[in-house]
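# Remarks on the overall topology
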Amino acid sequence: GVQTCALPIFLQAINDGHYIAICEGEKDADTFNNQNVPNIFATTAPMGAGKWREQHTQQLAGATAVYIIHDNDEPGINHAIKIRDQLHEAGIGTSILTPATGKDLTDHINAGLTINQLIDADQRIKEETQRRREQRIQQLTEEEIEKQTARNEAKRHITEDRKSTRLNSSHTVISYAVFCLKK
């Protein structure tokens with residue numbers, strides 16, 4: 001389940017109406033909690049990016065809102081999108097944040113920045129999600145074009161084979177007729 005600090009403390013934070021921050025790893029969750037941000041408790045899923053499970057979403061039932069703080073890399077963005085989508089399905093409001101500098105939240109803090117200086121990544125994530133959706137549509141369109149081209153090519157071969165067969169049949173009939181006439 002949820003890591004960093006004891007589960008009872010995490011559940012009490014939700015019951016007390018605190019916001020939850022989901023970081024990509026234990027190091028970042030600890031970094032966040034060491035900032036002593038009032039009314040926000042940070043946690044993480046075990047083993048970092050890509051490991052979010054339905055049980056983690058269930059453990060967040062009742063949360064007022066969740067901040068998802070992802071690493072500045074493709075797996076981090078994918079992880080944030082997956083968490084956001086699952087939490088939205090469960091009716092939990094989210095906001096995705098990204099470090100202003102460095103690879104992760106700890107780099108951001110070590111660079112002298114604060115939690116308040118995290119960048120709201122919701123718009124960037126929405127744009128990335130839309131870009132991926134358009135890529136999938138384009139890919140499907142290209143695949144469909146290839147399939148249609150293959151179908152058309154197969155039809156052309158069948159038509160040519162039929163024409164050839166008819167021509168051969170006609171040639172045989174004509175040859176037989178000529179043979180009969182010669183007799």
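The structure presented is a predicted model; accordingly, all values stated were derived computationally and were not measured. (Residues numbered from 1 in each chain as written. Predicted model: local features only at pLDDT ≥ 70, side-chain atom pairs only at ≥ 80, totals over all residues. Heavy atoms only, no water.)

Here we come to the overall build of the protein chain. Regarding its fold elements, the protein chain presents six helices and five strands. Each of the 183 residues in the protein chain was classed as buried or not, and the buried ones make up 34%. Within the protein chain, counting contacts between residues at least 6 apart in sequence, those at least 24 apart form 65% of the total. (Helix = DSSP H or I, 4+ residues; strand = E, 2+ residues; numbered from the N terminus. Buried < 20%, exposed > 50% of the residue type's maximum accessible area, 1.4 Å probe, protein only. Contact = heavy atoms within 4.5 Å.)

Strand order across the open sheet formed by five strands is S2-S1-S3-S4-S5, with mixed pairing between neighbours. The open sheet has two free edges, formed respectively by strand S2 (40-44) and strand S5 (119-120), since each of these has just one partner strand. As defined by bridge partners, strand S1 (residues 19-23) adjoins S2 across five bridges and the pair is classed as parallel. Paired with Cys23 across the strands is Thr44, a residue of S2. (Pairing = 2+ DSSP bridges.)

Before going further, it helps to examine the nonpolar core. The biggest cluster of nonpolar side chains holds 21 residues, and the ones touching the most others in it are Ile20, Ile22, Trp52, Leu60, Val66, Ile68 and Leu87. Among the secondary structure elements, those contributing two or more residues to this core are helix H1 (7-15), S1, strand S3 (66-69) and helix H4 (74-89). The element that contributes the greatest number of residues to this core is H4, accounting for five residues. Every residue in contact with Ile22, bar those within four places of it in the chain, is listed here: Thr43, Trp52, Leu60, Val66, Tyr67, Ile68, Ile69, Ile83 and Leu87. Within the second largest apolar cluster, 11 residues are counted, among which are Ala29, Ile69, Ile109 and Ile115. (Core = buried A, V, L, I, M, F, W, Y, C linked by side-chain atoms within 4.5 Å.)

In a regular helix each residue adds 1.5 Å, so 16 residues correspond to 22 Å; H4 covers 23 Å between its end C-alpha atoms and thus fits that length. For H4, the full list of buried residues reads Gly76, Ile77, His79, Ala80, Ile81, Ile83, Arg84, Gln86 and Leu87. Phi turns positive, to about 80°, at Gly91, one or two residues after H4. (Expected span 1.5 Å × (residues − 1).)

In terms of strand pairing, S1 meets S3 through four bridges, oriented parallel. Looking at the pairing, Ala21 lines up with Tyr67 of S3. Pairing of S3 with strand S4 (residues 94-98), which is carried by four bridges, proceeds in the parallel orientation. The partner of Ile68 across the bridge, within S4, is Ile96.

Here we take up the confidence of the model for the protein chain. On average, residues of the protein chain score 76 in pLDDT, and 79% of them reach the 70 mark or higher. Looking over the protein chain, one finds the lowest element-wise mean pLDDT in helix H6 (residues 122-182), namely 67, and the highest in helix H5 (residues 105-110), namely 93. Confidence drops under pLDDT 50 across residues 1-5; counting only partners more than four residues distant or on other chains, this segment forms 25 contacts. (pLDDT = per-residue confidence, 0-100.)

Side chains on a regular strand alternate between the two faces of the sheet. Most of S4 sits out of view: five of its five residues are buried. Residues Thr94, Ile96 and Thr98 of S4 are buried on one face, and the alternating residues Ser95 and Leu97, pointing to the opposite face, are buried as well. As paired strands, S4 and S5 are joined by two bridges and run antiparallel to one another. Directly across from Thr98, in S5, lies its bridge partner Ile119.

As a further point, take the pattern of salt bridges. Using the criterion set out here, one finds four salt bridges in the structure. Residue Arg84 pairs with Asp85 through a salt bridge whose shortest N-O separation is 2.8 Å. Assessed through its relative accessible area of 34%, Asp85 is described here as partly exposed. Each member of the salt-bridge network shares a partner with another, and the members are Asp71, Asp73 and Lys103. (Salt bridge = Lys/Arg side-chain N within 4 Å of Asp/Glu carboxyl O.)

Across all of its chains, the model carries one aromatic pair by this definition. Between Tyr19 and Tyr67, the aromatic rings sit 5.9 Å apart at their centres with planes inclined by 55°, giving tilted as the arrangement. Separated by 48 residues along the polypeptide, Tyr19 in strand S1 and Tyr67 in strand S3 bring together distant segments of the chain. (Phe/Tyr/Trp six-rings, centres within 6.5 Å; stacked < 30°, edge-to-face > 60°.)

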